[in-house]
Amino acid sequence: MKPYLLFLVVLIASPSFAQTLNGIVFDVVTKKPISNAQIITSLSTNLTNTRGAFKLTNIKAGDKFAVRMMGYKTVEFTVNTATDSLHIFLKQSILQLNE
């Protein structure tokens, strides 16, 4: 019974199951960073800083997140274990108002 308990403790404490994901959000046309874009996970919503950078902690392979900013198309991602850094480019969304 003790080997099973040890395995369970190692499984819970193992850092390989959670990772940190860093990224920068850019405008696809101007290539300039986008500040205050929302990075939305199932657990939280974060904002990019003035350089367009963000950091997600305790994220696992298979987790999903979205990047949203007013005036841009929302993009969604699934976390890959091989990815620890992303450059995300948002396209402007053109909406016309009918008068």
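Residues numbered from 1 in each chain as written. Predicted model: local features only at pLDDT ≥ 70, side-chain atom pairs only at ≥ 80, totals over all residues. Heavy atoms only, no water.

Chemist: Help me understand the sheet that holds strand S6 (residues 75-78) in this model?
Modeler: What links the strands of a sheet is backbone hydrogen bonding, and the strands pair in either a parallel or an antiparallel sense. Read across the open sheet, the four strands follow the order S3-S2-S5-S6; overall the sheet is antiparallel. The sheet is open, and its two edges are formed by strand S3 (45-47) and S6, each paired on a single side. The average angle at which neighbouring strand axes cross in this sheet is 20 degrees, direction not considered. Both strand S2 (residues 38-41) and strand S5 (residues 64-68) contribute to a ladder of four bridges, which runs antiparallel. Of the residues in S5, the one forming a bridge with isoleucine 39 is valine 67. (Pairing = 2+ DSSP bridges. Helix = DSSP H or I, 4+ residues; strand = E, 2+ residues; numbered from the N terminus. Axes fitted to C-alpha atoms, helices over the stretch in contact; angles between N-to-C directions.)

Chemist: Honestly, unusual backbone geometry in this entry has me stumped. Any pointers?
Modeler: Of all residues except glycine, most have a negative phi; of all peptide bonds, most are trans. Notably, asparagine 36 is not glycine yet its phi reads approximately 65 degrees, a positive angle. The class of asparagine 36 is partly exposed, set by a relative accessible area of 46%. Phi is positive for asparagine 58, which is not a glycine, with a value near 55 degrees. Within the secondary structure layout, asparagine 58 lies in strand S4 (residues 53-59). (Buried < 20%, exposed > 50% of the residue type's maximum accessible area, 1.4 Å probe, protein only.)

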